[in-house]
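Architecture and fold: a report
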2 protein chains.
Amino acid sequence: MTRIVALTGGVGGAKLALGLDAVLAPEDLTLVVNTGDDFDHLGLHIAPDIDTLTYTLAGLANPELGWGRGDESWNCLQTLSTLGGETWFQLGDRDLALHLVRTQALKAGQRLSEVTTTLTRQLGIEATVLPMSDDPVRTHVETNAGRLSFQHYFVREQCEPRVEAIEFEGADTARAAAGVVEAIDDCDGVIICPSNPFLSVDPMLAIDELHTALRRTTAPVIAVSPIVGGAAIKGPTAKIMHELNLGTMADEIARHYGDLLDLFVLDELDKFLHGQLDVPTTVTQTVMRTQNDKEALARTCLAAVEQLRA
Amino acid sequence: MTRIVALTGGVGGAKLALGLDAVLAPEDLTLVVNTGDDFDHLGLHIAPDIDTLTYTLAGLANPELGWGRGDESWNCLQTLSTLGGETWFQLGDRDLALHLVRTQALKAGQRLSEVTTTLTRQLGIEATVLPMSDDPVRTHVETNAGRLSFQHYFVREQCEPRVEAIEFEGADTARAAAGVVEAIDDCDGVIICPSNPFLSVDPMLAIDELHTALRRTTAPVIAVSPIVGGAAIKGPTAKIMHELNLGTMADEIARHYGDLLDLFVLDELDKFLHGQLDVPTTVTQTVMRTQNDKEALARTCLAAVEQLRA
């Protein structure tokens, strides 16, 4: 009966989301997902973080790749290449179906939150999955190689350019998606998943309505560090911190979220930071290799929420 | 050195086009293709007759199905069905790539004729393939089950409703695609392939610029009957003729094209009609089972053109 809102981006966030989904009743879990990575590709609306979460919760994710589906074939992509089409973003044959249905629904006037509900329900997901916004917010990265849209930076250029600044185009006018503010207002705890703070969580915080709801709530807000022993489990978090002249230890993440947080969850590898930060900390194993790891971290987060509420 | 323009629709037309492609130099062959069957499906621009021709000329067609590619997989379609998407129009995984590239190019402002040239060249086709128009012309069928768009009639309803009238929405304002009128003006002969006159050829004739060019040319215009022994080789031609209260013999086709024709090519099965029509006729085997059949019919048509020019 602990109603949780979890903010999540890509693979790391999806792992904790899967843990939360296993230990909470579905009606008690709302997952708010970054859409700053969304983009149009080959005329399709691609929503990488929603899809990673959807495939993870539906048991369809590809654990090796960290994106897309496990049961995938690549015949369309292969043919695209023979036709001179764009192939830098790899779309599997089954994955394509999701993008086609979503794009068609959006063109027919549905909101992203509506079609996300339809698609997650269709795949048997019972928890509520909401995009952070139904309005377009697009992450752009200013780099030494020029201004790049997020997917061009992340996938096409494989995070190689040096990041100088990050912008969330559209965030200043975007509203939170229907249901997001209500879920935060009604919840017992907010968990910021171990996603990239700069690329996955900041786009959400850049939406005034969402940020205001997080500041307003009396429910505890806790974050799980995506940095363990000075490195990111996956992705360019530490590289970007270095490029932005930040330290690359977990304390920098806590400092980044500042007084939004009531608690910061550190990995055992970083226990030397315990009690050293401006925010209370708890130490646990945050690296999630197995389903047990995911559920254990979820339970630790829920216990922390309960303790903060007591 | 006989420059030919062939007007073609679906499978029957594509067979003769393949024969013409084999016996003519590529620079002497222009194929003008019906686009009345084009439609938007799942946000993609599908051009069934262009695709049937393209796959046939590229050696990629599926001879069993009569549409799509031979080397096909159906994983996207299968997944569409699990996601509640539309599956009545069967899109293969490799076929999808063509629609994605075309749709993207059209959205970027290219004309259908431009992207058709790009795609046919990319697949190694050297003859010129042109849509009848770069403007949208959409075939609708008035039936006892109401007004249906062509693909809804043809694929979804499998031609079951009784046809009362056929309309080509947009044809009255459509222009011929760039290159079509020039090809007709410069050619030595026009061949109307054995395609459905009512559904595949009439949309072309409904475009004033194209019809006028066909009337103006001094080059002979010949048509190959799509009706053999009172039946269509494939598709609903005879059924529609019956429903439109027309006879279902080949002479009705010649009558339909009227004085546009300089010669009508009858199948051996219909040789009793030879000399009985208002237009001169020639008799040959029009049923094309093998590659030899296709080339033989192409050669017969070319010989007829040469004879008429002499």
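Before any of the text, the structure's been laid out above.
Not measured: the values here are computed from a predicted model.

Rules used throughout
Residues numbered from 1 in each chain as written. Chains lettered and ligands numbered in written order. Predicted model: local features only at pLDDT ≥ 70, side-chain atom pairs only at ≥ 80, totals over all residues. Heavy atoms only, no water. Core = buried A, V, L, I, M, F, W, Y, C linked by side-chain atoms within 4.5 Å. Buried < 20%, exposed > 50% of the residue type's maximum accessible area, 1.4 Å probe, protein only. Contact = heavy atoms within 4.5 Å. Buried area = accessible area lost by both parts, 1.4 Å probe. Salt bridge = Lys/Arg side-chain N within 4 Å of Asp/Glu carboxyl O. Polar contact = N/O pair within 3.5 Å; in protein donor to acceptor, adjacent residues only side chain to side chain. Helix = DSSP H or I, 4+ residues; strand = E, 2+ residues; numbered from the N terminus. Pairing = 2+ DSSP bridges. Axes fitted to C-alpha atoms, helices over the stretch in contact; angles between N-to-C directions. Least-squares fit on C-alpha atoms with pLDDT ≥ 70 in both. Parallel < 35°, antiparallel > 145°, perpendicular 65-115°, else oblique. Left-handed = near helix turned anticlockwise from the far one by under 90°. Nonpolar A, V, L, I, M, F, W, Y, C, P; charged D, E, K, R; others polar. Phe/Tyr/Trp six-rings, centres within 6.5 Å; stacked < 30°, edge-to-face > 60°.

Moving on, we come to the nonpolar core. Counting 107 residues, the largest nonpolar core has L16, L20 and L31 of chain A together with L16, L20 and L31 of chain B as the members making the most contacts within it. Setting aside anything within four residues of it in sequence, one finds L20 of chain A in contact with A6, L29, I191, A298 and L302 of chain A. Core analysis: the second largest hydrophobic core is formed by 52 residues, L148, F150, V180 and L260 of chain B among them.

For the rest of this paragraph, the subject is the interface of chain B and chain A. Taken together, the contact between chain B and chain A spans 27 residues of the former and 27 residues of the latter. Summing the contributions of chain B and of chain A, the shared interface buries around 2400 Å²; its carbon and sulfur component is 62%. At the junction of chain B with chain A, the criterion picks out zero salt bridges. At the junction of chain B and chain A, the tally comes to ten residue pairs in polar contact (both at pLDDT 80 or more). Mapped by element, the contributors of at least two residues to the side of chain B that touches chain A are α3 (75-82), α4 (93-107) and α5 (112-122) of chain B. The dominant element in the side of chain B that touches chain A, judged by the number of residues it contributes, is α4 of chain B, at nine residues.

Close approach of charged atoms allows side chains of opposite charge to pair. Residues and elements named next belong to chain A. Within this structure, the stated rule accounts for 38 salt bridges over all chains. We note a salt bridge from R216 to D185, for which the minimum N-O separation is 3.1 Å. Of the two residues, R216 sits in helix α9 (residues 208-216) while D185 sits in helix α7 (residues 180-186), which places them 31 residues apart along the sequence. According to the relative accessible area criterion, D185 is partly exposed, its value standing at 40%. Between D259 and R215 there is a salt bridge, and its shortest N-O distance comes to 3.4 Å. Of the two residues, D259 is situated in the loop between α11 (250-257) and β13 (263-267) and R215 in helix α9; the sequence distance between them amounts to 44 residues. Salt bridges here are not isolated pairs; linked through shared partners, they connect R3, D188, E306 and R309.

All names here are of chain A. Within the open sheet, the three strands sit side by side as β7-β6-β8. Their pairing is antiparallel. Sheet topology places β7 (146-149) and β8 (163-169) at the edges, where each strand pairs with a single neighbour. The mean angle between the axes of side-by-side strands here comes to 25 degrees, regardless of whether they run parallel or antiparallel. With six bridges connecting them, strand β6 (residues 138-143) and β8 associate as antiparallel partners. Looking at the pairing, R138 lines up with E169 of β8. Docked against the sheet, helix α8 (residues 197-205) engages β6 and β8, running at close to 30 degrees with respect to β8.

The next point concerns the relation of the copies chain B and chain A. After a rotation of 180 degrees and a shift along the axis of 0.0 Å, chain B superposes on chain A with an RMSD of 0.0 Å. Such a combination of rotation and displacement between the chain copies is what one expects of a two-fold axis. Proximity to the rotation axis, assessed at the C-alpha, singles out D93 of chain B in chain B; its C-alpha lies 3.0 Å from the axis. A symmetric contact is evident, with 100% of the interface residues of chain B recurring at the interface of chain A.

To continue, consider the environment of V265 of chain B. All names here are of chain B. For V265, the position within the fold is in strand β13 (residues 263-267). By relative accessible area, which is 1% here, V265 ends up buried. In this view, V265 contacts I222, A223, V224, S225, T282, T284, T286 and L297; residues no more than four positions away in its chain are not counted.

Time to look at the side chain of T2 of chain A. Residue and element names in this part refer to chain A. Structurally, T2 is set in the segment before β1 (4-8). One polar contact links T2 to E306, side chain to side chain, over a distance of 2.5 Å. If near-sequence neighbours (up to four positions away) are discounted, T2 is found in contact with L24, D28, D188, V305 and E306.

In this section: the packing of helix α4 (residues 93-107) of chain A against α3 of chain B. Running from N to C, α4 of chain A and α3 of chain B point in directions that differ by 50 degrees, and their axes come no closer than 7 Å. On the basis of their axis angle, the class for α4 of chain A and α3 of chain B is oblique. Pair α4 of chain A / α3 of chain B crosses with right-handed handedness. Taking contact as the criterion, the partners of D93, R94, L96, A97, L100 and V101 of chain A in α4 of chain A are, on α3 of chain B, N75, C76, Q78, T79 and L80 of chain B. Looking at the contact of α4 of chain A with α3 of chain B residue by residue, the class counts come to six nonpolar, three polar and two charged.

Moving on, we get to helix α3 (residues 75-82) of chain A. Turning to α3 of chain A, its buried residues number three or more, namely N75, C76, L77, T79 and L80 of chain A. Contact partners of the buried residues in α3 of chain A: α4 of chain A together with α4 of chain B. Following α3 of chain A by one or two positions, G84 of chain A adopts a phi angle in the positive range, close to 80 degrees.

A complete count under the given rule lists ten aromatic pairs over all chains for this structure. Ring geometry for F39 of chain B and F89 of chain B: centres 4.8 Å apart, planes at 70 degrees, overall edge-to-face. In this pair, F39 of chain B sits in strand β3 (residues 39-41) while F89 of chain B sits in the loop between α3 and α4, placing the two residues 50 residues apart along the sequence. Judged by relative accessible area, F39 of chain B falls into the buried class, the value being 12%. One aromatic cluster is present, formed by F39, W88 and F89 of chain A through successive ring pairs.

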